[in-house]
Amino acid sequence: QVQLVESGGGLVQPGGSLRLSCAASGIIFSNYAMAWYRQAPGKQRDVVATITSAGSTNYADSVKGRFTISRDNAKNTVYLQMNVLKPEDTAVYYCQAQRPSLYTYWGQGTQVTVSS
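In this report, we go over the structure that sits alongside the text. Positions within a chain are numbered from 1, following the residues in the order the chain's sequence is written. Reporting of local features is limited, given that this is a predicted model, to residues whose pLDDT is at least 70; pairs of side-chain atoms are given and counted only at 80 or more, and all residues count toward the totals for whole chains, interfaces and linings. Side-chain numbers here rest on the full set of heavy atoms in the structure, without hydrogens or water.

## A word on the overall build of the protein chain
Each helix and strand counted, the protein chain has zero helices and eleven strands in total. In terms of overall size, the protein chain behaves like a compact globule, its C-alpha atoms giving a radius of gyration of 13 Å where 116 residues would be expected to give roughly 13 Å. Along the first, second and third principal axes, the C-alpha set of the protein chain runs to 40 × 25 × 25 Å. Only protein chains enter the accessibility calculation, which uses a 1.4 Å probe; a residue is then buried when its area is under 20% of its type maximum, exposed when over 50%, and partly exposed in between. Taken across its 116 residues, the protein chain has 37% of its residues classed as buried. Only DSSP runs of H or I reaching four residues or more are called helices, and only runs of E reaching two or more are called strands; each is numbered from the N terminus. Computation of the radius of gyration draws on C-alpha atoms alone. For the globule rule, the value is 2.2 Å times the number of residues to the power 0.38.

Below you can see the structure in the form of structure tokens.
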């Protein structure tokens, strides 16, 4: 079956860093665009960063310059390096794999808490 498994979340102080990982199985990883979304309590789920199969990236304005999305096709893994974390970054972070016009898959999410 298709599986996306996130890891790397946790508790961090403002200004700190975390690296999230999402390991994919059951898909031809190199054919999929990958993305990170996040959902804070009581809020909508919003896109944080995307990376195409060719490696082109886009970021939400709120994280631009602080977060970096990358992928390692040999490891079927996408990463989100998060620097200069702020309390407003607190959310459950979800990994998404998308085959454009065909399929979309989601991971279960990993909690990131930025606490003063």
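Right, picking up where we left off after that structure.
## What about the side chain of threonine 77?
Along the polypeptide, threonine 77 turns up in strand S8 (residues 77–82). A residue is classified by how much of its surface remains accessible, and threonine 77, at 9% relative accessible area, is buried. A distance of 2.8 Å separates a polar atom in the side chain of threonine 77 from the backbone oxygen of lysine 75. In what follows, residue pairs with any heavy atoms lying within 4.5 Å of each other are defined as contacts. Discounting residues that sit within four places of it in the chain, threonine 77 has contacts with Ser21, Cys22, Ala23, Phe29, Ser70, Arg71 and Asp72. Pairs of N or O atoms are called polar contacts if they sit within 3.5 Å, as long as, within protein, a hydrogen donor faces a hydrogen acceptor (for residues adjacent in sequence, only side-chain-to-side-chain pairs).

## Looking at the state of the cysteines
Here, the term disulfide refers to a pair of cysteine sulfur atoms separated by no more than 2.5 Å. Counting across every chain of the model gives one disulfide. There is a disulfide in this structure between cysteine 22 and cysteine 95, and the S-S distance comes to 2.1 Å. Because the sign of the S-S torsion sets the handedness, a value of about -80° for the bond joining cysteine 22 and cysteine 95 places this disulfide among the left-handed ones. Of this pair, cysteine 22 sits in strand S3 (residues 18–25) while cysteine 95 sits in strand S9 (residues 91–99); the two residues are 73 residues apart in sequence, bridging distant segments of the chain. With respect to class, cysteine 22 is no different from cysteine 95; both count as buried.

## Describing unusual backbone geometry
Of note in this structure, asparagine 76 is not a glycine but carries a positive phi near 50°. One non-glycine residue, serine 101, lies in the positive phi region at around 70°. You can call serine 101 exposed: its relative accessible area is 81%.

## Points about the environment of leucine 4
Within the element layout of this structure, leucine 4 appears in strand S1 (residues 3–7). Overall, the relative accessible area of 2% leaves leucine 4 in the buried class. The contact partners of leucine 4, leaving out residues within four places of it in the chain, are Cys22, Ala23, Ala24, Cys95, Gln96, Ala97, Tyr105, Trp106, Gly107 and Gln108.

## Some remarks on the packing of aromatic side chains
Pairing of aromatic side chains here covers Phe, Tyr and the six-membered ring of Trp, requires ring centres within 6.5 Å, and sorts the geometry by plane angle: under 30 degrees stacked, over 60 edge-to-face, intermediate tilted. In the structure shown here, the tally under the stated rule is three aromatic pairs. Seen in terms of ring centroids, tyrosine 37 and tryptophan 106 are 4.9 Å apart; in terms of plane orientation they differ by 65°. Their pairing is edge-to-face. Taken together, the residues tyrosine 37 in strand S4 (residues 33–39) and tryptophan 106 in strand S10 (residues 103–106) connect sequence positions 69 residues apart. Arranged with centres 6.3 Å apart and planes meeting at 20°, the rings of tyrosine 103 and tyrosine 105 form a pair that is stacked. Taking relative accessible area as the criterion, tyrosine 103 reaches 46% and is therefore assigned partly exposed. Grouped by ring-pair contacts, the aromatic residues Tyr32, Tyr103 and Tyr105 constitute a single cluster. We call a charge positioned above a ring when the Lys NZ or Arg CZ atom is no farther than 6 Å from the ring centre and deviates by at most 35 degrees from the ring normal. For arginine 45, the ring lying beneath its charged end belongs to tyrosine 94, and the centroid distance is 3.6 Å. Sitting over the face of the ring of tryptophan 106, arginine 45 holds its NZ or CZ atom 4.9 Å from the ring centroid.

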